[in-house]
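The residues making up each chain are set out below.
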Amino acid sequence: MEKMSSRPAILVTGGAGYIGSHCCRALDAAGYLPITYDNLSTGHRSFVAGELVVGDIADKVTLARTFAEHDIVAVMHFAASSLVGESVADPQKYYVNNLAGTLSLLESMRAAGCNRLVFS
Ligand SMILES: NC(=O)c1ccc[n+]([C@@H]2O[C@H](COP(=O)([O-])OP(=O)(O)OC[C@H]3O[C@@H](n4cnc5c(N)ncnc54)[C@H](O)[C@@H]3O)[C@@H](O)[C@H]2O)c1
């Protein structure tokens with residue numbers, strides 16, 4: 001953990017996934033401290049650059065602890081189910097994870113006083 005880092009910390013949801021893991025590398029190169037927040041449902045621990053918090057975007061307890069442990073200045077949100085075929089076969093999974101999960105993440109951000117979001 002890098003609580004007192006001079007680098008601004010960015011919480012990257014889905015940072016163990018394809019887009020999020022590249023984003024973390026770009027953030028690190030740009031002088032930010034990426035903190036990956038991912039439930040590893042489709043992501044890979046080995047993709048993670050920097051710190052990994054294993055958790056779900058709908059898990060308000062783990063998110064509250066993560067916000068309390070780091071001075072997070074913004075969230076970049078890549079945590080999602082993103083397979084087109086599966087989204088047609090099982091739309092409920094996509095509404096729950098992508099829509100309800102994102103709304104829950106926004107509530108956690110509001111509770112933590114974090115009001116900057118980049119939404120992929
Ligand atoms: N792949 C592309 O070309 C592309 C292009 C533009 C935008 N996007 C968007 O970027 C986002 C990520 O896409 P990707 O291709 O990197 O997918 P991905 O499956 O590789 O990454 C998604 C990550 O989110 C995690 N995740 C999923 N649900 C979660 C939850 N409830 N809580 C915590 N973590 C969770 C997964 O474990 C995974 O690591 C999606 O919203 C997608 O629509 C993707």
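These numbers come from a predicted model, not from an experiment. (Residues numbered from 1 in each chain as written. Predicted model: local features only at pLDDT ≥ 70, side-chain atom pairs only at ≥ 80, totals over all residues.)

### Side note on the site of the ligand
The environment of the ligand is made up of 24 residues, and the closest members are Gly-14, Gly-17, Tyr-18, Gly-43 and Ala-80. Residue assignment for the shell around the ligand shows that the elements contributing at least two residues are α1 (18-29) and α4 (91-112). The leading source of residues in the shell around the ligand is α1, at 3 residues. Considered class by class, the residues forming the shell around the ligand number 9 nonpolar, 13 polar and 2 charged. (Near = placed C-beta within 6 Å. Helix = DSSP H or I, 4+ residues; strand = E, 2+ residues; numbered from the N terminus. Nonpolar A, V, L, I, M, F, W, Y, C, P; charged D, E, K, R; others polar.)

### Some details on the packing of helix α2 (residues 60-69) against α4
Packed helices, taken two at a time, are described by the angle between their axes plus the distance between the axes. In the contact formed by α2 and α4, the axes pass within 10 Å of each other and the chain directions differ by 40°. Every pair of crossing elements has a handedness; the one defined by α2 and α4 is right-handed. Along its contact with α2, which presents Lys-60, Leu-63, Ala-64 and Phe-67, the element α4 presents Ser-104, Ser-108, Ala-111 and Ala-112. Tallied by class, the residues present in the contact of α2 with α4 amount to 5 nonpolar, 2 polar and 1 charged. (Axes fitted to C-alpha atoms, helices over the stretch in contact; angles between N-to-C directions. Left-handed = near helix turned anticlockwise from the far one by under 90°. Contact = placed C-beta atoms within 7 Å.)

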